[in-house]
Amino acid sequence: MRAFEYTSPTTRQQAVELLAGSWDQSAVLAGGTDLLSLMKDDVVAPKRVVNIKDIRELHGVRFGPRGMQIGALTSLGELADHPLVRQHYPAFGDAVVEAASQQIRNMATLGGNICQRPRCWYFRSGFGLTPKTPEGKSLVEEGDNRYHAILGNDGAALFVSPSSIVPAMIAYGARIRIAGPKGAREVALEKFFVIPRTESEREHDLRPNEIVTDVFLPPPAAGRYAHYEVRQKESFDWPLVLAAVALQMNGNTVRSAKVVMGYVAPVPWVSEEAAQALVGKTVTEQTAQAAGEAAVSQAKPLSRNRYKVQLARVAVKRAILQAAQGKAEGGAA
Amino acid sequence: MADDDEKTSSGVSRREFLKISGIAAAVPLVAPQMVEAAGEKVPVYGPGKAPMSFTINGKRYSAQLEPRVTLLDALRDQFDLTGSKRVCDRAECGACTVLLNNKPVYACTVLAIEAQHQPITTIESLSQGGKLHPIQAAFVQHDAQQCGFCTPGFVMACKSFLDQHPHATEEQIRYHLNGNLCRCGTYKGIREVIAQMSGTKGA
Amino acid sequence: MAEYKWPAPAERTLIGKRISRVDGAVKVSGHAKYSYDYNPKGLLFGKVLRCPHAHARVTSIDTSAAEKMAGIKAVQIVQKPGTEVLWQGDDIVAVAAVDEPTAEDAIRAIQVKYEVLPHNVSDAEPPAGAGEGPAGPMTEDDLENALGNQVPDAQVISDLQKRGVTFQVTDDMTKELKGYGVSDAVINALKAAAYHPEAASQPRSPYQKMAAQTQGDPDKGFASAEVTSEGVYGAPVITHCCLETHGSAAEWPSSDHLLVHCSTQGVSGLPDQYAQALKIPAGNVRAHQDHIGGGFGSKFSPDRWGIATAQLSKSAGGKPVKYMLERDSELMTAGARPSAYARVKVAAKGDGTLVAWQSDSWGTGGPAGAGSPPLPYVFEIPNQRKQHTAVRTNQGPARAWRAPNHPQAAVITMCALDDLAHKLNMDPVEFFAKNLDMTGPRAPIYKEELPLAAELMGWKQKWHPRGDKSEGPIKRGVGLSMHTWGGRGHASNCLLSIHPDGSVDIKMGSQDLGTGTRTAILIVAADSLGIPMNAITLNIGDTMYPPDGGSGGSTTIGGVSSSTRRAALMALDQLFAKVAPALKAQPADLEARDGTVRVKSEPSRSLSWKQACAKLGAMPLSVTGKNPGPGNLINSGVGGVGMADVSVDTETGIVKVNKMVAVQDCGLVINLKTAESQCYGALIMGISYALYEEKVLDPVTGRMLNPNMEFYRLAGLRDIPELMVHMMTDPLNENRGVIGLGEPPVISPGAAISNAVANAIGVRVPFLPLTPDRVLAALEQQQKAGA
């Protein structure tokens, strides 16, 4: 790790002012589970590290008629154990519990989970988000892309979005609040993630001197939710593919649906095709299968990741079936 | 917007910012810079060494460390508490598990500077006066170790887990003790340790 | 003279029981000191600049900026400009600094320029016709690579004789080689090698085809067969991933005396290796190690970084310098198990009797290629034709990995046999049983083990013809494999002293890899002397103690148990001679039991151990027991059976192991508890390499893509199913003496799991690890074939 200077502000205003205007000057330290590895691997080398854990107002969970407000520094462990999370947002709770080991859950924060950098092994080896061969070809396309994107991969970015919790949060309609030098702004979590076109862009809509301060989950609408991961190891492991779904029902018929896939694209991938395939249908093995097919209808696998198309198809199908089988949840708290 | 980013509203100019960020090897100890942010003075430490103090196993320790030193390296290299092992150094294997505020964390991925003012518990505290903690005794009895390099981390993870789940079920064990890896393959013994401990506690 | 044999079963108070390891407490408490934990005052920290390219030539090195940095105490160039680097992560420059961050900064300040050369990291099947004929004459690089990568002398000599050289062998060159410790035999072969200057400019093939081997009449064999099965099988390069990385701390107590704390599987073997490189007498090198955090075959040498550490210390005025590999360097450079693949044709008569085998195998062990695995494995099929091609790659150097070449051989052979059983419509257990007479001297043990393993697995209830026909995507199946190993005890010297005050101490240059060596030595000594284990002080892990063999190849338990037993019996002989007059008996009539020395026929005529030892007078008695030697304490040759029960999700290709069984003989078991732990650990390691492990090399950059513990996956607690281990401890086996156990049980799991997957889903997944992409691809092939 390269040397850096360290500061630990106690208010969000101090934090944003201590952050610099460019990524190589400063970095936000929350749980540290991603940042420290990136720094040890010399993928990032900030000159100043701003620890935001001492900002008390960024901790904690509040629940009311307007839904759940989660401070960005709330640890995954607090969320996993939180009775209101389990009660009102069980698919989100499942995703949090599955996300990591007990040690990571104690360290990692929800904000950090949202802002973590891709696990792409070329990125982690220092080749950047859109790595190129000396001849200017895509290193991912030419190289080993077994874990890379099958959707949203028309451009230079072929990594996959790394959070295993964000898809479930998007299924619940999460929004996030971001503090910056000019004050706060709020965005739908779904819109926060962007596919970088060049090496100078990032995979999310955050500026170097901004911090994510809060996550809002709207009051759970009556509906059915599920989170399903395909993972090679049952133990702590990165998923190969995952799906989160939210179904709003009209009796036995799906009134509206949200289908979000993780690890398939450079952003959490919301599949309109899959949602459309479900609307107006009763959930059966066949309709779930059809939705799975629809979810991957636009998939363009790379040389070594065709299997992920099948995994995505199955993850979507199983998440839908799991949601439909689970008891209806939500409604007024 | 890029222009706005060029200067911070704290009044620290970009040039000054870069100056205080200048890096040299083996930098001598300096007092923290006081940087103004949001109308208040905020201390900025490093990149050279800064005085730090810790409460480890109930005892006070202090050292001069650069901010980039991890808690694990401070424990091992500064305080000779070498029971916590450095294996992956990337929050993947659990061999460095210590309790920070009574919760298990990977010491390799916590900066020492941020672990000040919080109680730190390491494997060295578990056996007092040569007497093993019951979990440690169970590790020996069930031969839940071979080379032993992952063992201290596993003991810490198990202890914390059992403190939180005194009547742990097999499923909970499989679920929660995933943050530690062993290469020799001692998981069977470790499962027996937990089963015995949660059983006796439950009795 | 005592007769060297093991006590009769009724007389064993400790041997063969379940005894907790004696170093358990110090390990669980975190107080055990590993080389990584050596932390003396004034310790300097080493770091190594490593080559980022898989194949390159160092063109220049500029260390001037690093040398000027505050806190830097020494800089050592490990590989000079001009050196050809053959794998990513090879050592170029080492530094020592007052702390680790400073050392890291210095590494970043060093400028190294490389000429990047074309690399090959693929161990895919050699193209048809590749590597025909013998490889051309050896270049200087070939020779350097062979010598630098621990290719056995015999192979180097044979290559020199067969291939000749492309360069002129000068006296200066041979002198230099001798200085590096190259043996006279190799130097003589080099001098005698044919000179082929014209070959120097010819392009070289990465494929080295070994001579074909034929036994019996394979053509006739295949012609006589009624059922023939063909397939391709294999296992990739995997790494050792020792949790304690390779490395050492070195210091110079005086200008020509070196002290090293090195993480090693062979303490006694280190001084000579350091001495050759550092040009000091081996007797001036002291190596010490209390505990080691895993080796698995990869830790026998000080390695380039270890020598550099010693040189750094010397440059820093002898101050201690510690350098342990980072996790990524460990996975990139510190050892890899060679890959092995084969196209196999195997045939049997209609009743299942094996008649013929043919294999075209290939694999890589990095720059030095790789030898052939022992094919066909376990079964001596009467008619055979075998051809092996070694693939030279820039994957990084190979090292012995727990049971070198055997797990690969098991995958290739046992999976091919399982496919043949399927074609024969036979239950594999019956098919294997049918052919057990081809397994040589271990046939009787296999005949006992196979039904026993089947019983423990519940094979009869679980086995079905290929392809689980039940509803739903989850398919279940069972599979089996068999294995063999030698495991004869290595050279060992046990210096045992009995003091007049009754205390006993033992000094041995051996090491405990976590297999329980300390405990085993104390069990043997205590059982032999009739005193409790804690009455004996054991000192191991230092070159100050009598030399002992390296702990590799399952040779330690045989070595140390034999030398210790002999030392104890020799010591008792001498003690009895001193004690006999006091008991008014002949020495031969005495025995040491229950803390006493007593008359065998009249146990009440006795002296306590302490009283007996007091008869020694002023001087302690000291004896050295040696292994090997005459007698019947140890043996070699074991057989074992492994079985697996798996579930496969055919929609995702995820494999889950439900149960594993190991039935294993290893002669006389010294400590049942740690012996069983070896087997449980081997099953777990087996699950890991069967399902997860693979050293992934990038075809474009030649770099390792998963040099971490996130994508170099090891099985975790939650991935481990029910495990059953049965040790064959009946008198017939025990009477064979002590045999090593470390390697054997790790051999079968890969093949057994692969066979269980084939049984579950009805199709072979050819290569390990059995990852979702491979499983789904096999299912897709099956569907296409069926359509």
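Thresholds applied
Residues numbered from 1 in each chain as written. Chains lettered and ligands numbered in written order. Predicted model: local features only at pLDDT ≥ 70, side-chain atom pairs only at ≥ 80, totals over all residues. Heavy atoms only, no water. Helix = DSSP H or I, 4+ residues; strand = E, 2+ residues; numbered from the N terminus. Buried < 20%, exposed > 50% of the residue type's maximum accessible area, 1.4 Å probe, protein only. Contact = heavy atoms within 4.5 Å. Buried area = accessible area lost by both parts, 1.4 Å probe. Salt bridge = Lys/Arg side-chain N within 4 Å of Asp/Glu carboxyl O. Polar contact = N/O pair within 3.5 Å; in protein donor to acceptor, adjacent residues only side chain to side chain. Core = buried A, V, L, I, M, F, W, Y, C linked by side-chain atoms within 4.5 Å. Axes fitted to C-alpha atoms, helices over the stretch in contact; angles between N-to-C directions. Left-handed = near helix turned anticlockwise from the far one by under 90°. Nonpolar A, V, L, I, M, F, W, Y, C, P; charged D, E, K, R; others polar. Domains from an automatic or database assignment. Patch = residues over 30% accessible without salt bridge, like charges linked within 9 Å, V, L, I, M, F, W, Y side chains within 5 Å. Areas by Shrake-Rupley, 256 points an atom, 1.4 Å probe, with all protein chains shown as cover. Lys, Arg positive; Asp, Glu negative; His and termini not counted. Charge placed at Lys NZ, Arg CZ, Asp CG, Glu CD. Pairing = 2+ DSSP bridges. Parallel < 35°, antiparallel > 145°, perpendicular 65-115°, else oblique.

What exactly am I supposed to notice about the overall build of chain B here?
Summing up its helical and strand segments, chain B has seven helices and seven strands in all. When its helices and strands are written in sequence order, chain B yields α-α-β-β-β-β-α-β-β-β-α-α-α-α. Counting every position in chain B, which comprises 203 residues, the buried fraction comes to 61%. Long-range pairs, those at least 24 residues apart, make up 50% of the contacts in chain B between residues at least 6 apart in sequence.

Where do I start with the interface of chain C and chain B in this structure?
Accessible area lost on assembly of the parts is the figure often given for the size of an interface. Facing the 62 residues of chain C at the interface are 51 residues of chain B. A combined buried area of about 4,800 Å² lies between chain C and chain B, and 52% of that area is made up of carbon and sulfur atoms. For chain C, the biggest contributors to the area lost against chain B are Val-28, Leu-717 and Arg-718 of chain C; these three give 18% of the whole. On the surface where chain C and chain B come into contact, there are eight salt bridges. Viewed at the interface, chain B and chain C are joined by 30 residue pairs in polar contact (both at pLDDT 80 or more). Take the side of chain C that touches chain B: its biggest share by element is nine residues, from helix H19 (residues 672-691) of chain C.

Looking at this structure, how should I read the nonpolar core?
The nonpolar side chains of a soluble globular protein tend to be buried with one another. Counting residues in hydrophobic clusters, the biggest one holds 288 residues, and the most contacted among them are Phe-92 of chain A together with Phe-379, Met-643 and Ile-753 of chain C. In terms of residue count, H19 of chain C provides more of this core than any other element does, 12 residues in total. Contact partners of Phe-379 of chain C, with chain neighbours within four places excluded, come to Leu-354, Met-414, Leu-417, Phe-432, Asn-435, Leu-436, Met-438, Thr-439 and Met-482 of chain C. Counting 52 residues, the second largest nonpolar core, distinct from the first, contains Val-504, Val-597, Leu-616 and Ile-670 of chain C.

What is the right way to read the packing of helix H9 (residues 270-278) of chain C against helix H10 (residues 303-315) of chain C from this model?
For any two helices packed against each other, the geometry is given by the interaxial angle and the distance between the axes. Residue and element names in this part refer to chain C. Packing of H9 against H10 brings their axes to within 11 Å, and their N-to-C directions diverge by 65°. Crossing angle aside, the handedness with which H9 passes H10 is right-handed. For the pair H9 and H10, the contacting residues are Gln-273, Tyr-274, Ala-277 and Leu-278 in the first and Gly-306, Ile-307, Ala-310 and Gln-311 in the second. The residue makeup of the contact of H9 with H10, split by class, is five nonpolar, three polar and no charged.

Before we go on, may I ask you to explain the pattern of salt bridges in this structure?
What the rule picks out here adds up to 80 salt bridges over all chains. Asp-89 of chain B is paired through a salt bridge with Lys-40 of chain A; the nearest N and O atoms lie 3.0 Å apart. One end of the pair, Asp-89 of chain B, is in the loop between helix H3 (71-78) and strand E5 (97-100); the other, Lys-40 of chain A, is in helix H2 (residues 35-40), on a second chain. The burial state of Asp-89 of chain B is the same as that of Lys-40 of chain A; both residues are buried. In this structure, Lys-33 of chain C engages Asp-80 of chain B in a salt bridge whose closest nitrogen and oxygen atoms are separated by 3.8 Å. Residue Lys-33 of chain C is located in the loop between helix H1 (24-28) and strand E1 (44-50), and its partner Asp-80 of chain B is located in the loop between H3 and E5; the two belong to separate chains. The exposure class assigned to Lys-33 of chain C is partly exposed, which follows from its relative accessible area of 32%. Here Asp-80 of chain B falls in the partly exposed class, since its relative accessible area comes to 37%. One network of salt bridges, with partners in common, ties together Glu-98, Glu-229, Arg-231 and Glu-234 of chain A together with Lys-656 and Arg-718 of chain C.

I tried to follow the domain arrangement of chain C on my own but got confused; where do I start?
All names here are of chain C. What the domain assignment reports for chain C is domain 1 (9-32 + 489-627), domain 2 (35-118 + 247-324), domain 3 (140-204) and domain 4 (421-486 + 635-786). Taking only C-alpha atoms into account, the centre of domain 1 sits 38 Å from that of domain 4. In this assembly, 22 residues from domain 1 lie in contact with 18 residues from domain 4. With both sides pooled, the region where domain 1 packs onto domain 4 buries about 1,500 Å², and carbon together with sulfur makes up 52% of that total. The interface formed by domain 1 and domain 4 contains two salt bridges.

Looking at this model, I keep getting lost on the environment of Cys-93 of chain B. Mind explaining?
Residue and element names in this part refer to chain B. Locating Cys-93 in the fold gives a position in the loop between H3 and E5. Overall, Cys-93 belongs to the buried group, its relative accessible area being 2%. Distance in space between the C-alpha atoms of Cys-93 and Arg-183 is 10 Å, their sequence separation being 90 residues.

I tried to follow the interface of chain C and chain A on my own but got confused; where do I start?
On the chain A side, the residues contacting the 33 residues of chain C number 32 residues. By the criterion of area lost to chain A, the three top residues of chain C are Glu-651, Arg-713 and Arg-718 of chain C, representing 21% of everything that side buries. For the pair chain C and chain A, the number of links is 10 salt bridges. Arg-306 of chain A serves as the salt-bridge partner of Glu-780 of chain C, at 3.1 Å between the closest nitrogen and oxygen. Seen at the junction of chain C and chain A, the total is 22 residue pairs in polar contact (both at pLDDT 80 or more). At the level of elements, helix H3 (100-109), strand E28 (654-664) and helix H22 (772-786) of chain C are the ones that each hand at least two residues to the side of chain C that touches chain A.

What's the story with a negative patch on the surface in this structure? I'm lost.
Residues and elements named next belong to chain C. On the surface, Glu-140, Glu-144, Asp-171, Asp-172 and Glu-176 cluster together into a patch of negative charge. Elements with a minimum of two residues in the negative patch: helix H4 (140-148) and helix H6 (171-179). The element contributing the most residues to the negative patch is H6, with three residues. For Asp-172, a relative accessible area of 57% puts it in the exposed group.

Would you explain the sheet that holds strand E2 (residues 56-62) of chain C in this entry?
Backbone-to-backbone hydrogen bonds join strands into a sheet, with any given pair of strands oriented parallel or antiparallel. Residues and elements named next belong to chain C. The strand order E4-E2-E6 describes an open sheet built from three strands, whose pairing is antiparallel. Pairing within the sheet leaves two strands with one partner each, and these edge strands are strand E4 (84-85) and strand E6 (111-116). Across six bridges, E2 lies against E6 in antiparallel orientation. Each bridged residue has a counterpart across the sheet, and for Ile-61 the counterpart in E6 is Val-112.

Can you walk me through the environment of Pro-745 of chain C in this structure?
Tracing the chain through its elements places Pro-745 of chain C in the loop between helix H20 (731-734) and helix H21 (749-761). The residues touching Pro-745 of chain C, leaving out its near neighbours within four places in the chain, are His-483, Gln-664, Gln-678, Cys-679 and Ala-682 of chain C.

Any chance you could explain the sheet that holds strand E22 (residues 536-539) of chain C here in plain terms?
All names here are of chain C. Spatially, E22-E21-E20-E26 is the arrangement adopted by the four strands of the open sheet, whose pairing is mixed. Both outer strands of the open sheet, E22 and strand E26 (621-627), are each paired with one neighbouring strand and no more. Geometrically, the sheet is characterised by an average inter-axis angle of 20° between neighbouring strands, direction not taken into account. Two strands pair when backbone bridges link them, and strand E20 (residues 492-498) and strand E21 (residues 504-507) are joined in this way by four bridges, in the antiparallel orientation. Considered in E21, the bridge of Ser-497 is made with Asp-505. Seen against the sheet, helix H16 (residues 517-529) touches E20, E21 and E22 and runs at an angle of roughly 145° to E22. Those strands touched by helix H17 (residues 556-583) are E20, E21 and E26, and its axis lies near 145° from that of E26.

How should I be thinking about the packing of H6 of chain C against helix H7 (residues 184-192) of chain C in this particular structure?
Residue and element names in this part refer to chain C. Packing of H6 against H7 brings their axes to within 10 Å, and their N-to-C directions diverge by 160°. When the axis of H6 is compared with that of H7, the two are roughly antiparallel. Crossing handedness for the pair H6 and H7: right-handed. On H7, the residues that touch Thr-174, Leu-177 and Lys-178 of H6 are Asp-184, Ile-187, Leu-190 and Lys-191. Classifying every residue of the contact of H6 with H7 gives three nonpolar, one polar and three charged.

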